[in-house]
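Architecture and fold: a report
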Amino acid sequence: MKVLVTGGAGYIGSITSEILLDEGHEVVIFDNLERGHREAVDARARLIQGDLRNREDIRGAMRDARPDAVMHFAAFALVGESMQDPMLYFRNNVLGGIQLVEAILERGVKKIIFSSTCATYGQPDRMPMTEDMPQRPTNPYGESKLMLEKVLNWERERHGLQPVFLRYFNAAGATEKLGEDHDPESHLIPNVLRVALGKSRALNIFGDDYPTPDGTCIRDYIHIVDLAQAHILALTGEHTGAFNLGNGDGYSVKQVLEVARELTGHPIPAEISPRRPGDPARLIAGADKAKQVLGWKPKYPEVRTIVQHAWNWHRAHPNGYRK
Ligand SMILES: NC(=O)c1ccc[n+]([C@@H]2O[C@H](COP(=O)([O-])OP(=O)(O)OC[C@H]3O[C@@H](n4cnc5c(N)ncnc54)[C@H](O)[C@@H]3O)[C@@H](O)[C@H]2O)c1
């Protein structure tokens, strides 16, 4: 298939593009490079540089690329930044998303795979979290993703669009070529590894007084290659609707830190800071639906493998994509 990948110069979009290309699909990347890296764009893909907030950029790209399907990764994704500046998130993630949907409808494309998030659920009242749980986001980032899910649902109802919402838990890990390089970095695993590389002095643990066995927050980590595979499965067939993507296993901040200490052989000092507002104690995916309906089988469910692959990439790229 020919797939237009928005945000294909970013972490998840670039790796999904790499795997799409490996599997023989054609890829056109649409990215403004504001938070992505030209170096992460696979040489086999075509890059169209443009901004979703400029209607003509995305209309032109859709006309030019004539894709069979769209994977939509492009968005801002920092919870804290969204609390500081909600409108930045509604403008980019909602307005930008709507302009993409309009351009898709104009070209008669039906299939869109949308990067949604467990942040659309807010504070969960049961665990593991399933797709039918109420969605009550507690920050503008999660709200912006839920708003676009709703837009896409109405377009399914009214115009036969076939949206798939993949609600990711915590994406992590790397391939041999591509990895995670955000600035600022808000994710645990790359931040732990930055300390092992001597790029920061100590890891900041936000709160150790949560109601969990060791007091630190528990999250569900999913290998980036498994995440990419789920996108490719969602692309084929008549699938539509929401799927959680996670391993159904939770690891605390301190457990991830211990794994990283063992794998890197570095003591990785850590300091306790106050809790971040709105961080739930525990977020664990119920991903049976993706397994049953999409036939998804995670290849790397172990957190050890996820950290090892991330470490391999960070060690080979201590400055990320910067030379
Ligand atoms: N990383 C995670 O653990 C995680 C979890 C849940 C959901 N998500 C979602 O997955 C998607 C990808 O996440 P990521 O970690 O790869 O993010 P990223 O920041 O690495 O990549 C996003 C890419 O989109 C591009 N972009 C942003 N706004 C754009 C615009 N207006 N026009 C064109 N390009 C634009 C950026 O330049 C960047 O290359 C996001 O939608 C995010 O909300 C990520």
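Rules used throughout
Along each chain, the written sequence defines residue order, and numbers are assigned to residues from 1. Only residues with pLDDT of at least 70 are given local features in this predicted model, and only at 80 or more are side-chain atom pairs given and counted; all residues enter the totals for whole chains, interfaces and linings. Numbering goes from the N terminus for both helices and strands, where a helix is a DSSP run of H or I of at least four residues and a strand is a run of E of at least two. Put simply, the radius of gyration uses C-alpha atoms, and a globule should come to 2.2 Å times the residue count raised to 0.38. Here a residue counts as buried when 20 or more other C-beta atoms sit within 10 Å of its C-beta, as exposed when there are 12 or fewer, and as partly exposed otherwise, the C-beta atoms being derived from the backbone. Two residues form a contact once the distance between their C-beta atoms, set from the backbone, is within 7 Å. In this entry, near means the residue's backbone-placed C-beta atom lies within 6 Å of the molecule or strand. We call Asp, Glu, Lys and Arg charged. Ala, Val, Leu, Ile, Met, Phe, Trp, Tyr, Cys and Pro are nonpolar, and the rest, Gly among them, are polar. Each nonpolar core reported here comprises buried Ala, Val, Leu, Ile, Met, Phe, Trp, Tyr and Cys residues connected via C-beta atoms within 7 Å. Domains are outlined according to an automatic or database domain assignment. One less than the number of residues in a helix, times 1.5 Å, gives the span that helix is expected to have. Think of it as the arc spanned by the lines of direction from the helix axis to the C-beta atoms. Being paired, for any two strands, means DSSP has found at least two bridges between them. For helices, the fitted line uses only the C-alpha atoms of the stretch in contact; every axis is such a line through C-alpha atoms, and the angle between N-to-C directions lies from 0 to 180 degrees.

**What to know about the overall build of the chain**
- What the chain contains, in helices and strands, is 10 helices and 13 strands.
- In terms of overall dimensions, the chain is globule-like: its C-alpha atoms have a radius of gyration of 19 Å, near the 20 Å expected for 323 residues.
- Expressed along its principal axes, the backbone C-alpha trace of the chain runs to roughly 55 × 45 × 40 Å.
- Counting every position in the chain, which comprises 323 residues, the buried fraction comes to 47%.
- Here the contacts in the chain between residues at least 6 apart in sequence split such that 78% fall between residues at least 24 apart.

**Brief notes about the site of the ligand**
- As a structural note, the neighbourhood of the ligand is formed by 27 residues, with Gly7, Gly10, Tyr11, Gly36 and Ala75 the closest of them.
- Mapped by element, the contributors of at least two residues to the shell around the ligand are α1 (11-22), α4 (86-107), β5 (111-117) and β7 (170-172).
- The element contributing the most residues to the shell around the ligand is α1, with 3 residues.
- Looking at side-chain class alone, the shell around the ligand contains 11 nonpolar, 11 polar and 5 charged residues.

**Description of unusual backbone geometry**
- Residue Pro128 is bonded to the preceding Met127 through a cis peptide linkage, with omega at -5 degrees.
- Relative to the helices and strands, Pro128 resides in the loop between β5 and α5 (140-159).
- Of note, the phi angle at Ile268 is positive, near 35 degrees, even though the residue is not glycine.
- Position of Ile268 among the secondary structure elements: in the loop between α8 (253-264) and β13 (270-273).
- Accessibility expressed as a C-beta count within 10 Å gives 17 for Ile268, which makes it partly exposed.

**What to know about the nonpolar core**
- In this structure, Val192, Leu245 and Val256 are the most contacted members of the largest nonpolar core, which totals 97 residues.
- Among the elements that take part in this core, helix α7 (residues 224-235) stands out by supplying 7 residues, more than any other.
- Each of domain 1 (2-171 + 222-245) and domain 2 (175-219 + 249-284 + 299-316) accounts for three or more of the residues forming this core.

**Here we look at α8**
- Taking 1.5 Å of rise per residue, the 12 residues of α8 would be expected to cover 16 Å, and the 16 Å separating its terminal C-alpha atoms lies within 8% of that figure.
- Among all positions of α8, only Val253, Val256, Leu257, Val259 and Ala260 are buried. An end-on view of α8 places all buried positions within 160 degrees of arc, on one side of the element.
- Among the structural elements, α6 (188-196), β8 (203-206), β12 (251-252), β13 and α10 (303-316) are those in contact with the buried residues of α8.
- The first or second residue beyond α8 is Gly265, which carries a positive phi of 70 degrees.

**Here's the deal with the domain arrangement of the chain**
- Domain annotation for the chain reports domain 1 (2-171 + 222-245) and domain 2 (175-219 + 249-284 + 299-316).
- For domain 1 and domain 2, the distance between their C-alpha centres works out to 25 Å.
- With 20 residues of domain 1 at the contact, the number on the domain 2 side is 17 residues.
- Those elements giving two or more residues to the side of domain 1 that touches domain 2 turn out to be α1 and α7.
- Counting residues per element, the side of domain 1 that touches domain 2 draws most heavily on α1, at 4 residues.
- Classifying every residue of the side of domain 1 that touches domain 2 by side-chain character gives 11 nonpolar, 7 polar and 2 charged.

**Let's talk about the sheet that holds strand β2 (residues 26-31)**
- Strands sit in the order β3-β2-β1-β4-β5-β6-β11 across an open sheet of 7 strands; the sheet is parallel. The sheet is open, and its two edges are formed by β3 (46-49) and β11 (241-245), each paired on a single side. The mean inter-strand angle of the sheet, taken between neighbouring strand axes irrespective of direction, is 20 degrees.
- With 4 bridges joining them, strand β1 (residues 2-6) and strand β4 (residues 69-72) adopt parallel strand pairing. From the neighbouring strand, Leu4 faces β4, where its bridge partner is Val70.

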